[in-house]
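Breakdown of the fold
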Amino acid sequence: MPPRPPLLSQSSSSSQSSTQPRNPIHLRLYKVLGTNFDDQTTREALQTLSELYASNGPSAGVVVADDDEETPLERAPPTYVEVTPGETAARARKHLKRDMEKQLAEGSHHFLQVFKELDSRLDVLQNHVAAMHTYCDQAEKQLQLTNDASKSLLERAGNLREERQAVEANQSIITLFLSRFTLTEDEIQAVTSRDIPVGKQFFAAMDKTERIRDDCRVLMTGEEGPTQAGLDIMAFTSSYLEQGYEKIFRWCSYEFLQVGRDAQLEVSLTMSEAVNRLRKRPELLSEALSSLSQTRQSALQTSFLTALTRGGPSGLPRPIELHAHDPMRYVGDMLAWVHQAIAAEREFLEGLFGIKDDGRMVGSARRFHEKSSEEEEWIKELMDLAVKRLCVPLQGRIQQTVRSQESGIMSYKIANLLQFYVVTMQATIGPEAVLSKTLTETTDLAYKTFFGSIETQCRALLRVGLDIDDPSVTPPIPILEHTQILREIMSVYQSSLLGDEDTDDQVAGFEKVLDIMIDPAIEMCTNAAERKKQAKPRWDMQVFLLNCLSYLLVRISAYDRGWLRANELWKGVIEPFEFTKDKQGVVQEAIDTRVAVLIEEHFHEIMLDAGLEDIASTCEKHDDSEPLSRIPATEPQQLQAGLRSFSRWLSTPDVVHSPRLSYLTAQRLHTKIHHAALGKMAKAYENICEQVRRKENKYEAASTLLGSERPFGQVGLVWQIFGLAEEESER
């Protein structure tokens, strides 16, 4: 590109423009140089021009037209001539308008050719459309004629269609009604036929019959009253229903006969359902259960006699009567068999009536309510009837066993065993059952036999006398044997307690036994001791009675082992029994009475041994009518001799241990009696000292007289020597 000429200054330019006209070349150059080729529209226009004209290269040519007067359609084809460089641009600027018009004319000519062909095609299409309109008019006329001809037929077809829909609706209603309110042939056969057994099919047909009757009752409660159809439905369903219940009754009667003869009782779901449905006909159910009851009575009676005489299958378990020599086992095995049979019967009947588990633990007492359910009443009655025939052989064998017992202990064991089963049966089948009443009567007989046995024993005990030549003060052999029997009876009673009884109930349950056995024993000891005392005045009656009473009390309670010595005859006695507390009080009262008598006797004996008996008696009875020093028994010489004797006695072992009381079997009684007597001796010595020190009794040198011998007139020293306190002695 040639160098751009320098621009003139604005001042010179403005001066030149104002002085001379503009130069065309200058204006052209200024316009070209001022053109902006960044515009997109300008660039597209230049691109179109470059495509219209060829480039100005060496092989380029230009299109030349001859005359401008020729029309575009008649103009000859253009010719291409060689041009020199730069000539094409000049020619383009010269003929641009003409070339553009030429291009537009050629495009218009092309469009005219195309539209000419399209016009011819549209003419053909228009002819076809006209023909189509003609055919459609003809078809429409023909259709109108057809519609007019078939209008009556269409109306008839519509009426028939409506009638068919109404008939179909009525048919569906009738079908639903019949299916809901009638039984099918299969269902009728299931209810009435004997060939179809009682089962799911039968129960389903019965349920449908009941449902039909319930629905029919609802339909018959309308305003118009019962319809004939409803009455007919109720009539034939009632007939089928009664036949169904008769079929259940016959089936149950047959099944009850079969089940009743089996040793293993099992209840099927079908049987339970049949009994449940038959409850709606109580008279039929009662008749069916009556046959079951008779069958079960015979079956249980046969099984019981078989268990008594033949035993189980192959001889195991062995026959119960083989143990008749052992009364407890014999009676216990019979009652256990009956109880087990009742438990199996109860389980069978609960399954039969469909009673669910009531949450009661096995072995716990059953609660009988005043308003029990109908099923419970049926079960109680059937169980009572089932075991009714067992009462006679059971009662006869138990009574024979009870009457044959000579031992009161065995009679009491049997009576307690019977009492246990009485409570168990009353909790299982109720107190009004025949078996419960039978066992109650047998238990009363057993207790009557037991009480008769111990009463005979007590009467024999009262006739027993003591050996006159026997110097022993220990309880005699009859008392020991009697107490041993009482001990065993108390052990039996203790083991028979359930553990939930109150102490008062325990005492009341054994009170009669204690009265019968303890009171005669006390009476026997007292009467025999008095007779022996008359024959042997030197024999120690009080020690003998205390030993006997103590032994009875120890045998009853043994609440204080301090009474017993390690080498005594009755070591290892039984533990305390709470139910003997009332009788313990009676025996303890008798002991306290004898203890008081023995304390008084022992006091006088030790006072005699100590040489203070006469002195103490005189001081106690002194009425101040004359001084004690003037009374012979309390003269100074006698008083001094007595005090000397007392001083010597304080040095002997008799202060600690009494030879007479050593025969007491209860060490506690020995200590109690001896301490009480020593306390009375200390008080007697205190009274002697007080009387001697009184001026009214006129003793010369009273202090010297008392202080010449031990304990030197000091009462406190006497208590110390005795090893007692004054308060303890008073207690």
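On a predicted model such as this, the values are computed, not experimentally measured, just so you know.

Here's the deal with the overall build of the chain
Counting secondary structure elements, the chain contains 24 helices and two strands. Scored against the burial criterion, the 731 residues of the chain give a buried share of 37%. Summarising the internal contacts of the chain: among those between residues at least 6 apart in sequence, 73% fall at separations of at least 24. Accessible area of the chain: about 44,700 Å², with a carbon and sulfur share of 53%.

A look at the nonpolar core
Ranked by internal contacts, the top residues of the largest apolar core, which has 127 residues, are Leu 352, Leu 435 and Phe 510. Those residues in contact with Phe 510 that sit more than four places away from it in its chain are Tyr 412, Leu 486, Ile 489, Met 490, Tyr 493 and Phe 579. Ranked by size, the runner-up nonpolar core spans 34 residues in total, among them Phe 603, Met 607, Cys 689 and Val 692.

Some points on the packing of helix α21 (residues 667–693) against helix α23 (residues 715–722)
The contact between α21 and α23 brings their axes to 9 Å, and the two run at 165°. With respect to their mutual orientation, α21 and α23 come out roughly antiparallel. Relative to α23, α21 is oriented so that their crossing is right-handed. Facing α21, whose interface residues are Leu 678, Gly 679, Met 681, Ala 682, Lys 683, Tyr 685 and Glu 686, α23 presents Val 715, Val 718, Trp 719 and Phe 722.

Description of the environment of Ile 196
As for its position among the elements, Ile 196 is in the loop between α5 (185–192) and α6 (200–219). For Ile 196, a relative accessible area of 19% gives the class buried. With residues near it in sequence (within four places) discarded, Ile 196 still touches Gln 189, Ala 190, Gln 201 and Lys 247.

As for the packing of helix α10 (residues 327–353) against helix α11 (residues 374–386)
The interhelical angle for the contact between α10 and α11, taken along N-to-C directions, is 145°, at an axis separation of 10 Å. Where α10 crosses over α11, the handedness of that crossing is right-handed. Counting all contacts with α10, which are made through Ile 342, Glu 345, Arg 346, Leu 349, Glu 350 and Phe 353, the residues of α11 involved are Glu 375, Glu 376, Trp 378, Ile 379, Leu 382, Met 383 and Ala 386. Residue composition of the contact of α10 with α11, by class: eight nonpolar, no polar and five charged.

Quick notes on the side chain of Arg 281
Residue placement: Arg 281 occurs in the loop between α8 (269–278) and α9 (282–309). A polar contact is formed between the side chain of Arg 281 and the side chain of Glu 242, at a distance of 2.9 Å. Those residues in contact with Arg 281 that lie beyond four places of it in its chain are Leu 241, Glu 242 and Tyr 245.

Here we look at the state of the cysteines
Applying the stated criterion across every chain yields a total of zero disulfides. Unpaired in this structure, Cys 525 has its nearest cysteine sulfur neighbour in Cys 548, at a distance of 3.7 Å. Cys 689 provides the cysteine sulfur closest to Cys 619, a residue in no disulfide bond, and the two sulfurs are 9.3 Å apart.

Quick notes on the pattern of salt bridges
Opposite charge on two side chains lets them pair, provided their charged atoms get close. With the rule as written, the count across this model stands at 20 salt bridges. One salt bridge in this structure joins Asp 207 and Arg 277, with 2.7 Å as the shortest N-O distance. Of this pair, Asp 207 sits in helix α6 while Arg 277 is found in helix α8, placing the two residues 70 residues apart along the sequence. Using a relative accessible area of 13% as the deciding quantity, one classes Arg 277 as buried. Here Glu 345 and Arg 296 are joined by a salt bridge, their closest N and O atoms 3.1 Å apart. Separated by 49 residues along the polypeptide, Glu 345 in helix α10 and Arg 296 in helix α9 bring together distant segments of the chain. For Glu 345, a relative accessible area of 4% puts it in the buried group.

Some details on the environment of Ser 50
Note on placement: Ser 50 falls in helix α3 (residues 40–52). Put simply, Ser 50 and Ala 89 are 39 residues apart on the chain and 9.9 Å apart in space, counted from C-alpha to C-alpha.

So, the packing of aromatic side chains
Considering all chains together, one arrives at 15 aromatic pairs under this definition. Between the aromatic rings of Tyr 447 and Phe 451, the centroid separation amounts to 6.3 Å while the plane-to-plane angle is 25°, which identifies the pairing as stacked. Of this pair, Tyr 447 and Phe 451 both sit in helix α14 (residues 434–462), separated by four residues, roughly a single helical turn. When the ring of Phe 646 is compared with that of Trp 649, the centres are 6.4 Å apart and the planes differ by 15°; the resulting orientation is stacked. Of this pair, Phe 646 and Trp 649 both sit in helix α20 (residues 636–650), three residues apart, roughly one helical turn. Neither Phe 646 nor Trp 649 differs from the other in exposure class; each is buried. An aromatic cluster of three or more residues is present, and its members are Tyr 412, Tyr 447, Phe 450, Phe 451, Tyr 493 and Phe 510. Directly above the aromatic system of Phe 451 lies the positively charged group of Lys 512, at a separation of 4.2 Å from the ring centroid. Positioned above the aromatic ring of Phe 603, the side-chain terminus of Lys 680 is 5.0 Å from the ring centre.

As for the confidence of the model for the chain
Per-residue confidence for the chain gives a mean pLDDT of 80, with 83% of residues at or over 70. This model gives residues 1–19 a pLDDT under 50, and the stretch forms three contacts once residues within four places in sequence are excluded. Contacts of residues 558–575 to residues separated by more than four positions or lying in other chains number 46 contacts, the stretch itself having pLDDT below 50.

Topic: a nonpolar patch on the surface
Taken together, the side chains of Phe 37, Leu 46, Leu 49, Leu 52, Leu 96 and Met 100 make up a nonpolar region of the molecular surface, amounting to roughly 470 Å² of accessible area. Looking at the nonpolar patch, the elements with two or more residues in it are α3 and α4 (87–181). Per-element accounting of the nonpolar patch gives the leading share, three residues, to α3. For Leu 46, the position within the fold is in helix α3.

What counts and what doesn't
Residues numbered from 1 in each chain as written. Predicted model: local features only at pLDDT ≥ 70, side-chain atom pairs only at ≥ 80, totals over all residues. Heavy atoms only, no water. Helix = DSSP H or I, 4+ residues; strand = E, 2+ residues; numbered from the N terminus. Buried < 20%, exposed > 50% of the residue type's maximum accessible area, 1.4 Å probe, protein only. Contact = heavy atoms within 4.5 Å. Areas by Shrake-Rupley, 256 points an atom, 1.4 Å probe, with all protein chains shown as cover. Core = buried A, V, L, I, M, F, W, Y, C linked by side-chain atoms within 4.5 Å. Axes fitted to C-alpha atoms, helices over the stretch in contact; angles between N-to-C directions. Parallel < 35°, antiparallel > 145°, perpendicular 65-115°, else oblique. Left-handed = near helix turned anticlockwise from the far one by under 90°. Nonpolar A, V, L, I, M, F, W, Y, C, P; charged D, E, K, R; others polar. Polar contact = N/O pair within 3.5 Å; in protein donor to acceptor, adjacent residues only side chain to side chain. Disulfide = S-S within 2.5 Å. Salt bridge = Lys/Arg side-chain N within 4 Å of Asp/Glu carboxyl O. Phe/Tyr/Trp six-rings, centres within 6.5 Å; stacked < 30°, edge-to-face > 60°. Lys NZ or Arg CZ within 6 Å of the ring centre and 35° of its normal. pLDDT = per-residue confidence, 0-100. Patch = residues over 30% accessible without salt bridge, like charges linked within 9 Å, V, L, I, M, F, W, Y side chains within 5 Å.

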